[in-house]
Amino acid sequence: MRTVVPFNAGWVFHEGDDRFLQSRLTSGKNVELPHNAVDLPYGYLDETRFQRPFTYQKSLQWRPEFEGRRVSLVFDGAMADSTVFLNGKEIHAHPDGYTPFEVGLTDHLHRGENLLCVRIDGSENPGIPPFGGQIDYLTYAGIYRDAWLKCTSPVSIERIRVETRELPDPGFSASVRCDIRNGEQADEPIALTASLRSPDGTVISQCRADATSRDDSVILSFGDLQEISRWDLRTPVLYSVDVRLECMGRHDQLDTRFGFRTAEFRPEGFFLNGRKVTLRGLNRHQSFPYIGYAAGRRAQERDAELLKHALRCNLVRTSHYPQSPWFLDHCDRIGLLVFEEIPGWQHIGGDDWKRRSLNNLRSMILRDWNHPSIVLWGTRINESPDDHDFYVRSNDLARTLDPSRQTGGVRNVTRSEFLEDVYTMNDFVLGSEGSSAAPLPGGNRPRTALRHPRDVTGLDRDVPYLVTEFNGHMFPTKRTDPEERQIEHVLRHLEVLDAAYGSAEISGCIGWCMADYNTHKDFGSGERICHHGVLDMFREPKPAAFAYASQGDPGDGVVMKPVTFWARGERSIGGSLPLVVLTNCDAVAFRFADGPAKTALPDRSRFPNLPHPPVIIDHRHISQGELECWGKAWYDLFLTGVLEGKPVRHLHLVANPLPARIELTPDSEELLASEKDLVRVVVRALDQAGNVLVHFNEPLSIRISGPARLVGPGIVPFRGGSAVFWLESTGETGTVLAETRTLELGRSEVRLRATRGPERGD
Ligand code: GAL
């Protein structure tokens, strides 16, 4: 039977790539995967520090279970160019930082101690996608995802692909393609049994097929499946199929999860299970402060949760590369749609480069084709120019490997050759004309949120169309930026969302982007950060995050976020009107100090298409005299969100905010000692009413005792009222105490439990 166990612990890490490391285990730094080769500062980071070679070594002792079996290592991802040596001999090379690779060890293992050595080169080698031009993100060197030790029988199941089909009568059928790997090249009979299981694990149908071990692949079919629950956004029901192979008295077994659903982009929008869904999404980079790409399962799942439950998106684009399997698995689990694309950014290289890019496409699809969350394959290098032959090939390849999904190709130029199924466009038109108040000299168009698809495609017919980016560099906004900029940031996101909701021909829009990210010197704000997120790098929200969140159904959570620091003198000329309240309430009741209570309604005239337009409180509701002007006293504001006539949310913004307390919120109270677990702890400085003190930028010192390590510096500034650190497991169990101290508010603490959790595989 197959075993696949984690192979993350016990690596020895070295700077550089001395040849002798390939054949001699040498003392270095003991590390566990996922691993980032270089500890990073928050900003002003010099990327040349990791654009060079590093080496990982690990001893692998022969085990009795290797006898007569196929042994391999699977790396989920290592940046950027990996070469694997076993006992001094090069056995595998993988020149890509985003796709997985499997290294066969069987023929090279000694019965005794074996030395594995992985050399990774973090250089931006122009021969490897996405490199060769400038890219607006960083590619952090390291074996930054999990590694696995896999043992199978010599004739084994290479992979399975499940394709479901909706039947007219109604019901579903499912076919399971099972690719066979025949290590012995023998021609032996094999028997395959596929079991289809419902979400609770009950077998609901079984089928069998006979073949020989020389067959490359066998299809097992499940006919008329009735009473199937569909995978949908609200009910992401996951079935599984396991295939058992028997050959010469030996077995192998592989399972996968999948869902029954239909997904189709049409000229009139996107349809999930036949129902039209306007896509509302954000682009995601997989990077984090301090650790780059080396974030394991918890952080990956947390990002998916943030997108689905905090930002209330229904889709994420994995810009600009295949992302962690943990992330995608969680998208399946929670019902978050995914547009996944190949590595690349604007630049297309020569023939070898293109061949590698097509390999990346193949590898991405083979890895991810069973995820019900994935509804579109990105077959084009993000924002690259047209390249007829290359993109004919990439689209053919995607359609051949997976005829069940459509393709998209993200461009930023109009009238580009349409070879995909969905015209996917980065429409950055908003802002290119200057603001309505101050049009750019020479600007010849009024403020425009999105272009009409036909103006973009240049075609004389409607085609499936999706906006894949907007905003971003057109209006970078830091969490600490002034209130007026936050408002404009919010409005720009809302305007594009409104335009997408209002267009029958646009399937939806995906904002740039979920979270700020470190980048090259050629982009960003000078400290090598692009402040393009609706969250900052630590995943703390800017007001624009609530532009998305407030579009969610109030039944899933009430949102009411006024875009204000509530101060007399923050804005130019003073005051706080117009006051934009991002909310999914039916109305917002408000009053200043002891003044009369008033009510304002969502602004449907300005945002006619949004599910939940913001409430905008202005001189329609308050006279100049009521709020008074510069030189007069400032008062508290009380807001109440009203839903179906009932108060559902209260907010009190104080006129004299003072530091009242520090709040420490860990993402989890449990740290898993059995793996390299990371728990994020958010520290917020709050005023008397529990609001974040947005101008609190004091130093915070952090001290950890017990079985956890601090990730990041021990003294950090609050940024916009919050500071974030991570706790990393040490492998030990017990109570972890995190203590923080600020000058103004003294000591605070939080305790976590480090527990064994599931058994460490290796
Ligand atoms: C796009 C690009 C993104 C990001 C964004 C910033 O052109 O595809 O990766 O750079 O601009 O707005």
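Everything below is about the structure printed above this text.
None of the values given here were measured: they were computed from a predicted structure. (Residues numbered from 1 in each chain as written. Predicted model: local features only at pLDDT ≥ 70, side-chain atom pairs only at ≥ 80, totals over all residues. Heavy atoms only, no water.)

*Asks:* Please set out the overall build of the protein chain residue by residue, giving values where relevant.
*Replies:* Within the protein chain, the secondary structure is distributed over eight helices and 46 strands. The C-alpha atoms of the protein chain give 27 Å as radius of gyration, which agrees with the globular expectation for 762 residues (27 Å, within 12%). Taking all 762 residues of the protein chain together, 59% fall into the buried category. For the protein chain, the accessible area works out to roughly 29,100 Å², and carbon and sulfur atoms hold 48% of it. (Helix = DSSP H or I, 4+ residues; strand = E, 2+ residues; numbered from the N terminus. Rg over C-alpha atoms; globule rule 2.2 N^0.38 Å. Buried < 20%, exposed > 50% of the residue type's maximum accessible area, 1.4 Å probe, protein only. Areas by Shrake-Rupley, 256 points an atom, 1.4 Å probe, with all protein chains shown as cover.)

*Asks:* With reference to specific residues and values, describe the environment of isoleucine 219.
*Replies:* Within the fold, isoleucine 219 resides in strand S15 (residues 217-225). Spatially, the C-alpha atom of isoleucine 219 lies 9.7 Å from that of leucine 192, the residues being 27 residues apart in sequence.

*Asks:* Explain empty space enclosed by the protein to me, using residue names and the numbers behind them.
*Replies:* Under the counting rule described, the total for this entry stands at five cavities of 30 Å³ or more. By volume, the largest cavity is sized at about 90 Å³. Lining the largest cavity, in full, are Phe288, Arg298, Ala299, Arg302, Asp303, Leu306, Arg539, Asp667, Leu678, Arg680 and Trp726. Put simply, the parts of the chain that give the lining of the largest cavity at least two residues each are helix H1 (297-310) and strand S40 (678-686). The element contributing the most residues to the lining of the largest cavity is H1, with five residues. Of the residues in the lining of the largest cavity, the class split is five nonpolar, no polar and six charged. Taken as a whole, the second largest cavity encloses approximately 50 Å³ of empty space. Lining the second largest cavity are Pro34, Tyr144, Arg145, Asp146, Gln286, Tyr293, Ala295, Gly296, Gln300, Ser324 and Trp326. A per-class count over the lining of the second largest cavity returns five nonpolar, four polar and two charged. (1 Å grid on protein atoms, 1.4 Å probe; cavity = no way out; pocket = protein on both sides within 12 Å on 5 of 7 lines; lining within 4 Å. Points joined across faces, edges and corners; volume = space filled by probe spheres on them. Nonpolar A, V, L, I, M, F, W, Y, C, P; charged D, E, K, R; others polar.)

*Asks:* Break down the side chain of arginine 145 for me, with residues and values.
*Replies:* Here arginine 145 is to be found in the loop between strand S9 (113-121) and strand S10 (147-152). Here proline 322 takes part through its backbone oxygen, which lies 3.1 Å from a polar atom of the side chain of arginine 145. (Polar contact = N/O pair within 3.5 Å; in protein donor to acceptor, adjacent residues only side chain to side chain.)

*Asks:* Talk me through the packing of helix H3 (residues 351-368) against helix H4 (residues 388-401); I want residue IDs and the actual numbers.
*Replies:* Viewed as axis vectors pointing N to C, H3 and H4 meet at an angle of 20°, and their least axial separation amounts to 10 Å. The angle between H3 and H4 places the two elements in the roughly parallel class. Taken as a pair, H3 and H4 cross one another with a handedness that is right-handed. Packed against H3, whose contacting residues are Lys354, Ser357, Leu358, Leu361, Arg362, Ile365 and Leu366, the element H4 presents Phe390, Arg393, Ser394, Leu397, Ala398 and Leu401 at the interface. Tallied by class, the residues present in the contact of H3 with H4 amount to eight nonpolar, two polar and three charged. (Axes fitted to C-alpha atoms, helices over the stretch in contact; angles between N-to-C directions. Parallel < 35°, antiparallel > 145°, perpendicular 65-115°, else oblique. Left-handed = near helix turned anticlockwise from the far one by under 90°. Contact = heavy atoms within 4.5 Å.)

*Asks:* Now, about the sheet that holds strand S1 (residues 3-6): what can you tell me, with residues and values included?
*Replies:* Strand order in the open sheet formed by four strands is S1-S10-S5-S8, with antiparallel pairing between adjacent strands. Strands with a single pairing partner mark the edges of an open sheet, and in this sheet they are S1 and strand S8 (101-104). Strand after strand, the sheet turns through a mean of 25° between neighbouring axes, direction not considered. Examined bridge by bridge, strand S5 (residues 70-75) and S8 share four bridges and lie antiparallel to one another. Looking at S8, one finds that phenylalanine 75 is bridged to phenylalanine 101. (Pairing = 2+ DSSP bridges.)

*Asks:* Summarise the pattern of salt bridges; cite the residues concerned and give the values.
*Replies:* Per the stated rule, a full pass over the model turns up 59 salt bridges. Among the salt bridges present, the one from aspartate 402 reaches arginine 161, with a minimum N-O distance of 2.8 Å. You can see aspartate 402 sitting in the loop between H4 and strand S25 (406-411) and its partner arginine 161 sitting in strand S11 (residues 155-166), a full 241 residues away along the chain. With relative accessibility at 0%, the residue aspartate 402 sits in the buried group. Since its relative accessible area comes to 7%, arginine 161 is described here as buried. Aspartate 618 is paired through a salt bridge with arginine 620; the nearest N and O atoms lie 2.9 Å apart. Within the structure, one salt-bridge network assembled from shared partners comprises Glu102, Lys150, Glu158, Arg159, Arg177, Asp179 and Arg181. (Salt bridge = Lys/Arg side-chain N within 4 Å of Asp/Glu carboxyl O.)

*Asks:* Could you give me a rundown of the site of the ligand, with the residues and numbers involved?
*Replies:* Surveying the vicinity of the ligand reveals 13 residues, the closest of which are Asp136, His320, Trp345, Glu383 and His473. Histidine 320 is positioned such that a nitrogen or oxygen atom in its side chain is 2.6 Å from an oxygen atom of the ligand. Between glutamate 383 and the ligand, the recorded distance is 2.6 Å, taken from a side-chain N or O atom to an oxygen atom. Contact with the protein chains covers 95% of the free accessible surface of the ligand, which is 310 Å². Its residues placed into classes, the shell around the ligand shows four nonpolar, six polar and three charged. (Near = heavy atom within 4 Å.)

*Asks:* I'd like to hear about the sheet that holds strand S35 (residues 615-617), residue by residue, with values.
*Replies:* Taken in spatial order, the three strands make up an open sheet running S31-S32-S35, and their pairing is antiparallel. This sheet does not close on itself; its edge strands, each paired only once, are strand S31 (560-562) and S35. The average undirected angle you get between the axes of adjacent strands in this sheet is 20°. Looking at chain direction, strand S32 (residues 579-583) and S35 are connected through three bridges and run antiparallel.

*Asks:* Describe the packing of aromatic side chains, listing the residues and the values that go with them.
*Replies:* How two aromatic rings sit relative to each other is given by the distance of their centres and the angle of their planes. What the rule picks out here adds up to 34 aromatic pairs. Judged by centre distance (5.0 Å) and plane angle (55°), the ring pair of phenylalanine 13 and tyrosine 56 falls under tilted. A residue pair is termed long-range when its members are at least 10 positions apart, and phenylalanine 13 in strand S2 (residues 11-15) and tyrosine 56 in strand S4 (residues 53-61) qualify at 43 residues. A residue is classified by how much of its surface remains accessible, and phenylalanine 13, at 5% relative accessible area, is buried. We classify tyrosine 56 as buried; its relative accessible area is 0%. With a centroid separation of 5.9 Å and 15° between ring planes, the pair formed by tyrosine 423 and tyrosine 465 is classed as stacked. With tyrosine 423 in strand S26 (residues 422-426) and tyrosine 465 in strand S27 (residues 465-469), this residue pair connects regions lying 42 residues apart in the sequence. Taken together, the ring pairs connect Phe7, Trp11, Phe13, Phe54, Tyr56, Phe75 and Phe101 into an aromatic cluster. Across the ring face of phenylalanine 288, the terminal group of arginine 539 is positioned such that the distance to the ring centre comes to 3.9 Å. Note that arginine 719 overlies the ring of tyrosine 42, its terminal NZ or CZ placed 3.5 Å from the centroid. (Phe/Tyr/Trp six-rings, centres within 6.5 Å; stacked < 30°, edge-to-face > 60°. Lys NZ or Arg CZ within 6 Å of the ring centre and 35° of its normal.)

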